[in-house]
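One letter stands for each residue in the lines below.
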Amino acid sequence: MKRTTALPAAAVALAVAGFGALPAAAATAPEPAPEQTVEDTAAPEPPAGEGPAEDSEPADESGAAPSEGSGTADADPGDSTGTGATENAVAEALIENITYSVSPAQLTVEELATTGVDVFYSWDDPEAEYYFESTRFTSAGEDLTELFQSPGGHGGPGGGMNTFVADLPADWTGTVTVSQEVSTAAETGEVTTSFEVIGESTTDPTDPAEPPTDPTDPTDPTDPGEDPSDPAERTLTIEPQTIAAEEFVDPEQGVIITAAGFTADEVVTLTVVAGPEGVEGLELQQNADDTGSVAFYVYGTNGANPEAYLGEYQVSVAGAEDEANGLEPLTGTFTVSTETEEPAPAEPIEVTVEPGTLTVEQLASEGVSFTASDYPGAPYGVAFAFTAAGEDLTEAFDLVDGGGDVGPIWGTFVAELPEGFDGEITVTVQYINQDDGVVGYEGAAAFTVGTAQEPTPDPTETPAERALAVEPEVITVTDFVDPEQGVTIAATGFTEGEVVTLEVVAGPESVEGIELTDTADETGSVVFSVYGLNSAQPQVYLGEYQVRVTGADDEAAGLDPLTGSFTVVDASGEPGPGGGPGGGQPGDQLPRTGGELAGLGLGVVLLIGGAAVLLLTTRRGARETGPAAL
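Everything numeric here is computed off the predicted structure, so don't read it as measured data. (Residues numbered from 1 in each chain as written. Predicted model: local features only at pLDDT ≥ 70, side-chain atom pairs only at ≥ 80, totals over all residues. Heavy atoms only, no water.)

1. Remarks on the sheet that holds strand 24 (residues 368-374)
Spatially, 22-24-28-27 is the arrangement adopted by the four strands of the open sheet, whose pairing is antiparallel. At either margin of the open sheet sits one strand with a lone partner, and together these are strand 22 (351-354) and strand 27 (397-403). Neighbour-to-neighbour, the strand axes of the sheet open up by a mean angle of 25°, direction not taken into account. As judged from the six bridges shared by strand 27 and strand 28 (residues 408-415), these two strands associate in the antiparallel manner. Bridge pairing in strand 28 places G402 opposite G411. (Pairing = 2+ DSSP bridges. Helix = DSSP H or I, 4+ residues; strand = E, 2+ residues; numbered from the N terminus. Axes fitted to C-alpha atoms, helices over the stretch in contact; angles between N-to-C directions.)

In structure tokens:
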């Protein structure tokens, strides 16, 4: 799994066939960890990192540079005064052979003071010997070196890293240049890199993270009179449990070992027992955070010989209070293999898209919309991809609207595709875990984009018979205000895609008329559903309603509208007078609001007259959905 976050501060450096470990996350800059050095029984032990400012310390025989603020077992740094280095010599070949970088490239003053900045150095030849002076930090000609401290680092054949923290003024901003003098026995040069400090973060450092506790408050966990709560469940997670050797020696990959269920600030010890010959065990300590959790990051340092790490490793994590509490250590294993563990397949999510078919012009102006299953939330992010016939079209699509932080997510995309584009496009939606970059959930749906085609009429085809069906023609007011019932108005005999208009002329004086349009389906049919919304005063709907349905092609074809009617009656079968008992007065009518809702594509139109409300919805017969679906 590729990780792009900066490596944390404390570290452990191991020898030629050893492996490195450091805490995977830290809320504040930790105290320097007691560094352990284990070594290949057949190889000399390398110091790691960099030496003091006054004297240059040589790398060991395998090429590992010394590490500032770290200890090594029985390591002889050598005498830097007898190297024979040429003062001020220009060493282009030397510098070109060394990679010098920093991570992150940008951070706040608070981040610099807590998690710090990591300085990485590496070279191609693991047998080369280099001498590093102390790291220097400058900005705009000002020397800031005294403000920087290194809580730890690690090193090995071919390179290493050191972490630095510094307390700068809260509003400090600027570019900090990092430099080191590096030399061999015959030549000297300088390597430099830089990072940017962007000033004060959004968190007020003077504001306590938690409000002060009240010792008299019985709910205060610090109250000695309160019974202790049940201990948290102890868990150990090792990820991945199988890792390829090439990935294990990559400082940006490796294995994360996370343990939980300890008390805050409890000293937790990680022990890794190496199975392969030539790789000794490892022990590292770290304080649990305020949630009782601790995480370690283990990886190999011998990039020149990754196969030296092949085998299974036993992991044990124990807290300082385990023995007193009668608890056993947490145990597990991970394996360094020639093959990488395949990630678990992504969970499927449902994705729908509409319209299913649209023209190039419609895609550029109105766009295409999707909906996807419930979003799992942090730490997941959402990614979209658009492909057609194996070609990636994602860059052509722009998100113009969207939402859904809780529940299903949705969005509308527009795109300008070449004129004449004709084909199926698949939209893929992924929920990606940003902690490890793994796709946890994935789904896709397709839509068709093409040029608009005018239907060619078949002169031999007999036009379908036009008909209008209103069912039921007489309905009780109780059924009329039931969204599952109401009146269905079905019209047939139109051409596919023809715009069809329904007009309902309300009989009761307190209910105004209404107009709604829809397009005929592939059978030339369109279906509308009408029901009353004001179930609190159903009497207002009593009366007869006239129905009129026309097609956009009627006038050109010389056709008359289709007409019909339905009547809303009370339980006794009487339509009731005028607007019915409890209905509004003729002049007590509100403006029609359905046009606005219909413009949203919801297919919903409201008629409001006094206290009466008539809800009109459209539904296509092929979809088999009714008003309840809205």
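2. Brief notes about the pattern of salt bridges
In total, this model carries four salt bridges according to the counting rule given. Notably, a salt bridge pairs R466 with D554, separated by 3.1 Å at the nearest N-O pair. You can see R466 sitting in the loop between strand 30 (438-450) and strand 31 (467-471) and its partner D554 sitting in helix 7 (residues 554-557), a full 88 residues away along the chain. An identical accessibility class is assigned to R466 and D554; each is buried. (Salt bridge = Lys/Arg side-chain N within 4 Å of Asp/Glu carboxyl O. Buried < 20%, exposed > 50% of the residue type's maximum accessible area, 1.4 Å probe, protein only.)

3. Let's talk about the confidence of the model for the protein
Per-residue confidence for the protein gives a mean pLDDT of 73, with 67% of residues at or over 70. Mean pLDDT values over the elements of the protein span from 25, in helix 8 (residues 594-599), up to 95, in strand 7 (residues 136-139). Across residues 578-630 the pLDDT falls below 50, and counting only partners more than four positions away or on other chains, this stretch makes 127 contacts in the model. (pLDDT = per-residue confidence, 0-100. Contact = heavy atoms within 4.5 Å.)

4. Quick look at the packing of aromatic side chains
If you walk through the whole model with that rule in mind, you get 19 aromatic pairs. Judged by centre distance (5.0 Å) and plane angle (65°), the rings of F137 and F164 are edge-to-face. Taken together, the residues span a long stretch of sequence, with F137 in strand 7 and F164 in strand 10 (residues 159-166) at a distance of 27 residues. For the pair shown, F137 and F164 are each scored as buried. Each ring, one from F370 and one from F413, has its centre 6.1 Å from the other, and the planes form 35°; the classification is tilted. Highlighted residues: F370 in strand 24 and F413 in strand 28, separated in sequence by 43 residues. (Phe/Tyr/Trp six-rings, centres within 6.5 Å; stacked < 30°, edge-to-face > 60°.)

5. Looking at the environment of A491
Its place among the elements puts A491 in strand 33 (residues 487-492). Take A491: its relative accessible area is 1%, and that puts it in the buried class. Taking the C-alpha atoms as reference points, A491 and T563, separated by 72 residues in sequence, lie 9.9 Å from one another. The contacts of A491, once residues within four sequence positions are left out, are A467, L468, G524, S525, V526, V549 and L562.

6. Examining the side chain of E498
As for its position among the elements, E498 is in the loop between strand 33 and strand 34 (499-505). Despite being buried, E498 has no salt bridge partner; R466 is the closest side chain of opposite charge, sitting 5.6 Å away. Setting aside chain neighbours within four positions, we find E498 in contact with D518, T519, A520, G551, A552, D553 and D554. (Lys, Arg positive; Asp, Glu negative; His and termini not counted.)

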